[in-house]
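Summary of the model geometry
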Amino acid sequence: MVKLWDVAVKNLKTFSRDRKGLLFTILIPILFYSIMGIVFGGMENNNNESYTYSVGYVDLDTTSAENPYLSTSYICNTIDEMENFIMKEIESNSSALEQLKNKEIDAYIIFPQGFELYINRTTTTLEKTIEIIYQDSTSEISRTIISSTIMGVINGIVNYDPNAVKIEHVEQTISGEQISQLTLGTPGYLMYGILSSITGAVILLTSERKDGLLKRLESSQITPGDIIMGHMISNTIIIMLQFVIGVGTLSLFGFRPIFHDIASMLFGILITVILLALFQNALAFVSSTILKTPEAAGGGIWLLLIPMMMFSGAFFPLELVAPGLIPYVGWIPTRIVVLIFQDLMINGLAFWHPSILLKFLWLSLEGLALFLLAVIMYRKFAQSSG
Amino acid sequence: MVLQNNGTIALEINHLKKIYPDGNVHAVEDISFSVKEGEIFSFLGPNGAGKSTTISIASTTLKPTAGTVKVFGYDVISETNKVRKHIGICPQDLVFYNNLTVYENLIFFGKMYKRPLKELKKYADFLISHVGLDEKRNSLAKKLSGGMKRRLNLLIALVNDPDLIFLDEPTAGLDPQTRRLIWEFLLNLKKKGKTVFLTTHYMDEADYLSDRVAIIDHGKIIALDSPFDLKREYSGGDVIEFKFHEADTTVQKKFQENSQQSHFKNVSYIDEDNLFRIAIHNGLLTIPDLLKDIQEMNLHISDMNVKANSLENVFINLTGRRLRD
Ligand SMILES: Nc1ncnc2c1ncn2[C@@H]1O[C@H](COP(=O)(O)OP(=O)(O)OP(=O)(O)O)[C@@H](O)[C@H]1O
Ligand SMILES: [Mg+2]
């Protein structure tokens, strides 16, 4: 167990003495993230208003009337069937508010207590008010479309005699932050930045093999598991360094995460980076085993990097570019990482949110499976040096 | 250290065979021998003879195709970990971390064994001073001279204080002075009761250091004995080499015609060098007679070389080839 630390410390020591290597490790992320910052930083996000409106509704009404057509659910179904509207029932006010903040919905409606009795004309109340709540970033046009559609449908259903029953509505906005294009893209860029350090890992491993170092170590009392874990630890530390540089650089260009609370976000990121590093290092070991020489490995690894990068939506949001792919790429670790980063940095979820925990689980299972494969293949790798 | 079996065998190799699947190379063909504890045992053979292959298998980093290897009674395949505890290996190539210092390299490799750190540090310094690397203790390995790198390469093999040390051409390419230094160092290890298994293609090295030498060629052991006995048995005494102005066929014919002549009984012809070699006991005293006979055969000498009795002669007599450095 102690040996894996010795391996990690040795790696970091030799790494820190390789001045050029060190320089590149720091410069490349600065360059990469600066370019991302320059390209996307100045851009306003134009895409956050979709032309399909997703509208939530909270039904506070406990009364119900006999006529099935004069009901909240019938009204909402009718709106839902319209081409540009998706309606979604939400349990409570607070959860609707959260979803609105997370941009899962564009607006939500609150139906007040006694609403159904009222539209069935079984009460003597003279007036009922429903509430429609928007984000402040939603444009005037969108608000008008949403409110006029909703009110049009309700009045159409309820008031075949337009003057019989009077329904008012009030509008309200909540403040959600304007998310820049750069911030939206950041989860992908960060994932890619981490992933690309795999080339360094495979080149280091294949070089050590070529120089006979792995074989020499093999003849001592260290186990393959210790060697692999040692490399993983040092590599994870280097990844963290690059990650911090990346976040710092992107912040200069206007990256502003939206998080649940900062500790929870940082902790979630830490876990994600460690799990990605586990996966990535295992992958580095497996591909070093197959590709053998530093030359082959340094190039060959891109055969894996390119699809992992593209299908993860690191650079092009799959939701816009290829929504059809989404169901098929969800298992790809890099995709999982991008989704977790999105949850933590944009959607403002805490790391203990079930959907994030589930993703952690997936990521660790895939990383562990690959790690085991790496350990099994390692023996062959260290020995068959020429 | 606990010894198993008969208590004196450090390394026991039985019918060892290695075929590299890559190119179907028969690197080692049915080798058997054993090395006693406290012995310096050498593998002497030309390039590609199978020396490194044998060392790799015996030191647990290469799987044999057939046969068994035991180190202090432990099988290298089924009891790998027990074997590793007792051995140290100095590979033929320089293998260490260039960006660590001499001292850091020793400590790092030493930490791969279960040894108290304090003891390890002391031992590392002892080793460093023993081969004259004190001044370079804190220099990065990549900044050492070639000979210093060899010394570091050797020290790493010793850092766990192993009982059996495998050294694959430890002095290749060193200046005579450094070779001497390393030789004395190895003899010192022997004095401490360590067993050394060494490969070399330097005759003088094998001769000077070894208790016993195995001559290996094309993956087979062709002779195994103490240097003294090998020379007595196979060298045929001193060797005198000639080159002639006349065509080789002419010379060969003349030697055949005079083969009843006592001097010419042991003439051998080495094709690759156009050399005629004559092995004679007490060669130096016989030279005047030999020259007279050659003159009488009407041959004209273009070059002549006298080689005192050596393991090189043993090799040439056994294989008909020279063992090149
Ligand atoms: N990894 C390998 N794959 C295929 N063939 C190999 C491999 N390693 C060695 N060989 C072959 O096996 C034979 C024996 O090689 P080995 O390295 O054991 O020789 P050696 O006696 O150590 O030679 P040298 O004095 O040059 O070091 C050679 O023909 C060599 O080409
Ligand atoms: Mg060799």
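Residues numbered from 1 in each chain as written. Chains lettered and ligands numbered in written order. Predicted model: local features only at pLDDT ≥ 70, side-chain atom pairs only at ≥ 80, totals over all residues. Heavy atoms only, no water.

Digging into the packing of aromatic side chains
Going through the model one piece at a time under the given rule, you end up with 23 aromatic pairs over all chains. For the ring pair Phe243 of chain A and Phe341 of chain A, a centre distance of 5.9 Å and an interplane angle of 50° mean the geometry is tilted. Here Phe341 of chain A lies in helix H16 (residues 333–345) and Phe243 of chain A lies in helix H10 (residues 224–252), a separation of 98 residues in the sequence. The two residues Phe243 of chain A and Phe341 of chain A agree in class, both being buried. Look at Phe351 of chain A and Trp352 of chain A: their rings are 5.4 Å apart centre to centre, the planes differ by 75°, and that puts the pair in the edge-to-face class. The ring centre of Tyr208 of chain B lies 5.0 Å from the NZ or CZ of Arg180 of chain B, which sits over that ring. (Phe/Tyr/Trp six-rings, centres within 6.5 Å; stacked < 30°, edge-to-face > 60°. Helix = DSSP H or I, 4+ residues; strand = E, 2+ residues; numbered from the N terminus. Buried < 20%, exposed > 50% of the residue type's maximum accessible area, 1.4 Å probe, protein only. Lys NZ or Arg CZ within 6 Å of the ring centre and 35° of its normal.)

Side note on the packing of helix H8 (residues 227–234) of chain B against helix H11 (residues 311–319) of chain B
Residues and elements named next belong to chain B. One can describe the packing of H8 onto H11 by two numbers: an axis separation of 9 Å at closest approach and a directional angle of 50°. For the element pair H8 / H11, the angle class is oblique. The crossing of H8 and H11 is left-handed. Mapping the contact onto sequence places Pro227, Leu230, Lys231 and Tyr234 in H8 and Leu311, Asn313, Val314, Asn317 and Leu318 in H11. Broken down by class, the residue content of the contact of H8 with H11 amounts to 6 nonpolar, 2 polar and 1 charged. (Axes fitted to C-alpha atoms, helices over the stretch in contact; angles between N-to-C directions. Parallel < 35°, antiparallel > 145°, perpendicular 65-115°, else oblique. Left-handed = near helix turned anticlockwise from the far one by under 90°. Contact = heavy atoms within 4.5 Å. Nonpolar A, V, L, I, M, F, W, Y, C, P; charged D, E, K, R; others polar.)

What about the domain arrangement of chain A?
Along its sequence, chain A is organised into domain 1 (53–173) and domain 2 (181–384). Here domain 1 of chain A and domain 2 of chain A have C-alpha centroids that lie 45 Å from each other. (Domains from an automatic or database assignment.)

A look at the environment of Phe96 of chain B
For Phe96 of chain B, the position within the fold is in the loop between strand S6 (87–90) and helix H3 (102–111). Along the backbone, Phe96 of chain B and His15 of chain B are 81 residues apart, and their C-alpha atoms lie at a distance of 33 Å. Residues within four places of Phe96 of chain B in sequence aside, it is in contact with Leu213 of chain A together with Asn105, Phe109, Ala141, Lys149, Leu152, Asn153 and Ile156 of chain B.

Topic: the interface of chain B and chain A
On the chain A side, the residues contacting the 30 residues of chain B number 22 residues. In this assembly, chain B packs against chain A so that about 2,400 Å² is buried in total across both faces, 54% of it on carbon and sulfur atoms. The largest per-residue losses of area from chain B upon contact with chain A belong to Thr61, Tyr97 and Met112 of chain B, which jointly make up 28% of the total buried on that side. Counting the contacts that link chain B with chain A gives 4 salt bridges. For the salt bridge of Asp6 of chain A with Lys111 of chain B, the shortest nitrogen-to-oxygen distance reads 3.4 Å. Sort the elements by how many residues they give to the side of chain B that touches chain A and H3 of chain B lands first, with 4 residues. In the side of chain B that touches chain A, the residues fall into 16 nonpolar, 8 polar and 6 charged. (Buried area = accessible area lost by both parts, 1.4 Å probe. Salt bridge = Lys/Arg side-chain N within 4 Å of Asp/Glu carboxyl O.)

Observations regarding H3 of chain B
The element H3 of chain B is largely enclosed, with a buried count of 9 among its 10 residues. Among all positions in H3 of chain B, only Val102, Tyr103, Glu104, Asn105, Leu106, Ile107, Phe108, Phe109 and Gly110 of chain B are buried. Packed against the buried residues of H3 of chain B are helix H1 (2–17) and helix H9 (213–218) of chain A together with helix H4 (117–130) and helix H5 (146–158) of chain B.

So, the site of ligand 1
Around ligand 1, the structure places 15 residues, and the nearest of them are Gly48, Lys51, Ser52, Thr53 and Gln92 of chain B. Looking at the residues close to ligand 1, they fall on chains A and B. Contact distances for ligand 1 include 3.2 Å between an oxygen atom and a backbone N or O atom of Ala49 of chain B. Gly50 of chain B is positioned such that a nitrogen or oxygen atom in its backbone is 2.9 Å from an oxygen atom of ligand 1. (Near = heavy atom within 4 Å. Polar contact = N/O pair within 3.5 Å; in protein donor to acceptor, adjacent residues only side chain to side chain.)

Observations regarding the sheet that holds strand S7 (residues 164–168) of chain B
Residue and element names in this part refer to chain B. Within the open sheet, the 6 strands sit side by side as S6-S7-S8-S3-S9-S10. Their pairing is mixed. In this open sheet, the two strands that pair with only one neighbour each are S6 and strand S10 (220–225). Ignoring strand direction, the axes of neighbouring strands in this sheet form an average angle of 15°. Where S7 and strand S8 (residues 195–200) come together, 5 bridges link them in parallel fashion. (Pairing = 2+ DSSP bridges.)

Topic: the coordination of the magnesium ion (ligand 2)
All names here are of chain B. Here the magnesium ion (ligand 2) is held by the protein donor atoms Ser52 (OG) and Gln92 (OE1), which lie 1.9 to 2.2 Å from it. In this pair, Ser52 is assigned in helix H1 (residues 51–58) and Gln92 in the loop between S6 and H3, connecting sequence segments 40 residues apart. Of the residues examined, Gln92 reaches a relative accessible area of 32% and is grouped as partly exposed. (Donors = N, O, S within 2.8 Å, 3.2 Å for Na, K, Ca; no water.)

Quick notes on helix H7 (residues 181–196) of chain A
Taking 1.5 Å per residue as the helical rise, H7 of chain A with its 16 residues ought to reach 22 Å, and the 22 Å between its terminal C-alpha atoms agrees with that figure. When the local axis directions of H7 of chain A are compared, the greatest deviation, roughly 40°, occurs at Pro187 of chain A. (Expected span 1.5 Å × (residues − 1). Bend = angle between axes of the 7 residues up to and from the residue.)

What about a positive patch on the surface?
A contiguous patch of positive charge on the surface is contributed by Arg19 and Lys20 of chain A together with Lys142 and Lys143 of chain B. Assignment of secondary structure puts Lys143 of chain B in the loop between H4 and H5. Among the residues examined, Lys143 of chain B registers a relative accessible area of 63% and is labelled exposed. (Patch = residues over 30% accessible without salt bridge, like charges linked within 9 Å, V, L, I, M, F, W, Y side chains within 5 Å. Areas by Shrake-Rupley, 256 points an atom, 1.4 Å probe, with all protein chains shown as cover. Lys, Arg positive; Asp, Glu negative; His and termini not counted. Charge placed at Lys NZ, Arg CZ, Asp CG, Glu CD.)

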